[in-house]
Amino acid sequence: MRDTVKMRSSLALDTYDYVLAAVNNREDETREGGTHWSLLVYTRESNTYCHLDSVEPLNRPHAQRLAVALSGDPDVNVVQIQCRQQKGGVECGAYVVHYIELICSMIVSNISIKAMVVIYGHLLQNQLGENFAVYSVCEVKWQE
């Protein structure tokens, strides 16, 4: 996390409309590893951090720490988005890539963060099928 705090000022993250950050559950910063990935999304317009985790709540504390490091605010609130939970033990990275694709599609379509929370929470919970790679940008745009 120390590296993240140093990077915060040099990257000027507060100048971006959106920041998407992969979250890993590695506990020891001096060692490589970690066993799970999730996604943290920051939206400047509403000053909101949202967390999507396919094994909720496994990465919740890690997402919270990353949001604190990125924002510099020890009391920052992270909204947990209810999303489809993975069934196996190795597909978390694929879920993160899919979440990024879905969120970028919504950003390009100018969907606000409030609508985004409702829409992607709904889509990920109810419409994301077993083979989620088939789920495409076209289906997101259909929701506009």
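Residues numbered from 1 in each chain as written. Predicted model: local features only at pLDDT ≥ 70, side-chain atom pairs only at ≥ 80, totals over all residues. Heavy atoms only, no water.

A. Highlighting the pairing of strand β2 (residues 37-43). Most of β2 is tucked away: six of the seven residues are buried. Note that strand β1 (residues 18-24) and β2 share seven bridges and pair antiparallel. Note that in β2 the partner of Y18 across the bridge is T43. In this structure, β2 lies alongside strand β3 (residues 48-52), joined through five bridges in antiparallel fashion. Across the sheet, L40 pairs through a bridge with H51, a residue of β3. Between β2 and β3, which pair antiparallel one after the other, the connecting turn spans four residues, and N47 there sits at a positive phi close to 50°. (Buried < 20%, exposed > 50% of the residue type's maximum accessible area, 1.4 Å probe, protein only. Helix = DSSP H or I, 4+ residues; strand = E, 2+ residues; numbered from the N terminus. Pairing = 2+ DSSP bridges.)

B. Quick peek at the pattern of salt bridges. Using the criterion set out here, one finds three salt bridges in the structure. Between R60 and E56 there is a salt bridge, with the nearest N and O atoms lying 2.2 Å from each other. (Salt bridge = Lys/Arg side-chain N within 4 Å of Asp/Glu carboxyl O.)

C. Just the sheet that holds β2, in detail. Strand order in the open sheet made by the four strands is β1-β2-β3-β4, with mixed pairing throughout. Two strands close off the open sheet at either side, each with one partner strand: β1 and β4 (78-81). Strand-to-strand, the axes of this sheet are offset by a mean angle of 25°, without reference to chain direction. The sheet strands contacting helix α2 (residues 60-71) are β1, β2, β3 and β4, and the helix crosses β1 at an angle near 135°. (Axes fitted to C-alpha atoms, helices over the stretch in contact; angles between N-to-C directions. Contact = heavy atoms within 4.5 Å.)

D. Up close: the nonpolar core. Core analysis: the biggest nonpolar cluster contains 13 residues, and V23, L40, Y49, L66, A67, L70 and V78 have the highest contact counts within it. Among the elements that make up this core, the one with the highest residue count is α2 (four residues). In contact with Y49, not counting residues within four places along its chain, are L40, V41, Y42, A67, L70, S71, V76, N77, V78 and V79. In this structure, L39, V41, I81 and Y95 belong to the second largest nonpolar core, which totals ten residues. (Core = buried A, V, L, I, M, F, W, Y, C linked by side-chain atoms within 4.5 Å.)

E. Structural context of the pairing of β4. In this sheet, β4 lies alongside β3 in parallel orientation, the contact comprising four bridges. By the bridge assignment, Y49 is partnered in β4 with V78. A crossover connection joins β3 to the parallel β4 through α2; in handedness this β-α-β unit is right-handed. (Right-handed = clockwise from strand over helix to strand, strands pointing away.)

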